[in-house]
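Here's the letter readout for the chains.
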Amino acid sequence: MTSPVWHPFFQHGLDEPIPPVASARGALLHLTDGRSLIDGISSWWVTTHGHCEPRIAAAIARQAATLDQLIFAGYTHAPAEEVARGLIDIAPRFDGQPRLAHVFYSDSGSTAVEVALKMALGYWHNIGQPQRHRILVMQHSYHGDTIGAMSVGERGVYNAAWTPLLFDVGTVPFPAPGSEQACLDALEAACAERPAAFIVEPLILGAGGMLVYPANLLREMAAICRRHGVLFIADEVMTGWGRTGTLFACEQAGVVPDIMPVAKGITGGALPLAATLASAPIFEAHRSTDRARLFYHSSSYTANAIACAAAAANLAIWREDDVLARIAGLSDAIAERMARLSGHPAFANPRQLGAIAAIDLRTDDAGYLSDLAPRLRAWFMERGLLLRPLGNTIYIMPPYCIGATQLDAIFAALHDAGEIFGPHA
Ligand SMILES: *Cc1c(COP(=O)(O)O)cnc(C)c1O
């Protein structure tokens, strides 16, 4: 019997297997047929501490039996208040002072980005400069799959059908080694034309291929925006919650954005929730006695109480456990293994930022539509690993609880993948 389920980012015409997963614990997924997979990519970058973290699971169960869902337009509940205060406490600060002072809830990274864009244009509109509506973006960026989020992301085969719906943006080149100054110059020139905002993935472009750039460039970019009064939006949806070695990537550059979307690991990966943090001026531009200036955005499940309880439990884990120390240990363990793999002739461009590592498989067949990635994916699955290469880029982004032997299994498979799928194979 064929399933009516239509899977995301999945070509149903290729008859690839769709393994049913029965349960998960820590870094392991257990399939219904008895096999297990090591979750090498945190189930699409969301699972931070590990699957079914007991403290988060318990908080969800408690909240589900207490208050499940509440209209959030003008009502509130303790978990939402607690998480908002918790986010402000841990968000990047300027001279020790919180600059991000307001928290707007939504349900996914994409909606958190939509909210960020709407806040930026709402700000300029409400302070009487509606002509400032252009958004600047970085080449190769990814900010989500809704129309606005796609508009500020890289264009390609994955959004070609919707090009007519996407709004025009200004694009600065990715600061690859050698073109750092070109990137900064392009940003400077674009900022001089008084756009609304610049949105950027701090330090690492995820879906664009795990492309890293140094913190000093992020700092420069933020300074250019500040100088020109252009709102600086740091999309921490993927980089947040310790992935890059610090709680938020912006900390490494000493940068405090005007608007900061967070999602993915906000509940430890247990439930969908997102938040867009905003500075006081953004909020104040919408606060008024005039109803026309309120922030017109909501979804039915805004600040769902169960999801907020999961986020509150996640924040408590960050307070109680030394998560950053765990991540530092994991980063070292990954670095050691990456160093050994880097010498392999099948690979190029090894890179690592915190607990994220990526390497490119040398191949003539590197396009987005090449069948290399799905072949690798299937092969890794046979080896008991959930890995999902981006084209010829193989990356890992494991949950922080992953063990040394599990990491060894991943790196042994990477090595063998080089032998089997690399050049002259
Ligand atoms: C995943 C991601 C998004 C979109 O988040 P969803 O929860 O998948 O909608 C936005 N920005 C970045 C940088 C991401 O990695």
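Here is what the cut-offs are and how they apply
- Per-chain numbering applies: the sequence of each chain, read as written, is numbered from 1 onward.
- Residue-level local features of this predicted model are given only where pLDDT is at least 70; pairs of side-chain atoms are given and counted only at 80 or more, and the full residue set underlies all totals for whole chains, interfaces and linings.
- Only hydrogens and water are set aside; all other atoms, that is, all heavy atoms of the structure, feed into the side-chain values.
- UniProt positions are given in the numbering used here, feature names are shortened, and annotations may be inferred rather than shown by experiment.
- We define a nonpolar core as any set of buried Ala, Val, Leu, Ile, Met, Phe, Trp, Tyr and Cys residues linked to one another through side-chain atoms lying within 4.5 Å.
- With a 1.4 Å probe rolled over the protein chains alone, any residue whose accessible area is under 20% of its type maximum counts as buried; one over 50% counts as exposed, and the rest are partly exposed.
- The helix count covers DSSP runs of H or I at least four residues long, the strand count covers runs of E at least two residues long, and both are numbered beginning at the N terminus.
- Domain boundaries shown here were taken from an automatic or database domain assignment.
- The contact rule is simple, with two residues in contact once any of their heavy atoms fall within 4.5 Å.
- Strand pairing requires that DSSP identify at least two bridges connecting the strands.
- Angular values range over 0 to 180 degrees, each being the angle between N-to-C directions of two axes fitted as lines to C-alpha atoms, with helices fitted over their stretch in contact.
- If even one non-hydrogen atom of a residue comes within 4 Å of a molecule or strand, that residue is called near it.
- Between N or O atoms, a polar contact is any pair within 3.5 Å; within protein, one atom must be a potential hydrogen donor and the other a potential acceptor, and residues adjacent in sequence are included only when both atoms are from side chains.
- All accessibility values rest on the Shrake-Rupley procedure with a 1.4 Å probe; residue burial counts only the protein chains present in the view.
- Asp, Glu, Lys and Arg are counted as charged, while Ala, Val, Leu, Ile, Met, Phe, Trp, Tyr, Cys and Pro are counted as nonpolar; the rest, among them Gly, fall into the polar class.

If you check an unreviewed UniProt entry, the chain appears there as Adenosylmethionine-8-amino-7-oxononanoate aminotransferase from Sphingobium amiense. Regarding the chain, the UniProt comment filed under Subunit (unreviewed entry) reads as follows: "Homodimer." UniProt, in its Catalytic activity (unreviewed entry) section for the chain, records the words "(8S)-8-amino-7-oxononanoate + S-adenosyl-L-methionine = S-adenosyl-4-methylsulfanyl-2-oxobutanoate + (7R,8S)-7,8-diammoniononanoate".

## Observations concerning the nonpolar core
Counting residues in hydrophobic clusters, the biggest one holds 101 residues, and the most contacted among them are Phe198, Met221, Phe232 and Phe380. No other element matches helix H10 (residues 305–320), which puts ten residues into this core. Looking at this core, you find at least three residues from each of domain 1 (12–52 + 323–421) and domain 2 (67–320). Setting aside anything within four residues of it in sequence, one finds Phe198 in contact with Leu136, Val137, Met138, Val172, Leu187, Met221, Cys225, Val230, Leu231, Phe232 and Ile233. Counting residues in hydrophobic clusters, the runner-up holds 24 residues, among them Val113, Tyr123, Val137 and Leu231.

## Some details on unusual backbone geometry
The residue Ser42 is not glycine, and still its phi comes out positive at about 50°. Within the secondary structure, Ser42 sits in helix H1 (residues 42–45). Not every positive phi belongs to a glycine, and Asp95 is a case in point at roughly 55°. With respect to the secondary-structure elements, Asp95 resides in the loop between strand S4 (93–94) and strand S5 (97–98).

## Topic: the UniProt feature "binding site: substrate" (unreviewed entry) in the chain
Under the feature "binding site: substrate" (unreviewed entry), the UniProt entry names Trp44, Tyr142, Lys264, Ser298 and Arg388. With a sequence span of 345 residues, these residues are also far apart in the fold, their greatest C-alpha distance being 32.7 Å. Excluding anything up to four places from it in sequence, Trp44 contacts Pro8, Phe9, Lys264 and Arg388. Turning to its location among the elements, Lys264 is positioned in the loop between strand S13 (259–262) and strand S14 (274–279). We classify Lys264 as partly exposed; its relative accessible area is 21%.

## Some thoughts on the sheet that holds strand S15 (residues 347–353)
If you walk across this open sheet you meet the three strands as S15-S16-S18, and the pairing is antiparallel. Two strands in the sheet have a free side with no partner beyond their single neighbour: S15 and strand S18 (393–396). Taken pair by pair, the neighbouring strands of this sheet meet at an average axis angle of 15°, ignoring direction. Two elements, strand S16 (residues 356–361) and S18, share four bridges in a ladder whose sense is antiparallel. What sits directly across from Ile359, in S18, is Ile394.

## Looking at the sheet that holds strand S2 (residues 28–31)
Pairing in this open sheet of four strands is mixed, and the strands run S1-S2-S3-S17 from one edge to the other. Strands with a single pairing partner mark the edges of an open sheet, and in this sheet they are strand S1 (21–25) and strand S17 (385–386). One ladder, built from four bridges, connects S1 with S2; its direction is antiparallel. Opposite Ala24, over in S2, you have Leu29 as the bridge partner.

## Points about the site of the ligand
Residues in contact with the ligand, as listed here, are Trp45, Ser108, Gly109, Ser110, Tyr142, His143, Gly144, Glu201, Asp235, Val237, Met238 and Lys264. Between the ligand and Gly109, the relevant distance is 2.7 Å, taken from an oxygen atom to a main-chain nitrogen or oxygen of the residue. Residue Ser110 places a side-chain N or O atom 2.6 Å away from an oxygen atom belonging to the ligand. When isolated, the ligand has an accessible area of 380 Å², and the protein chains bury 83% of it. Among the residues forming the shell around the ligand, the class breakdown is four nonpolar, five polar and three charged.

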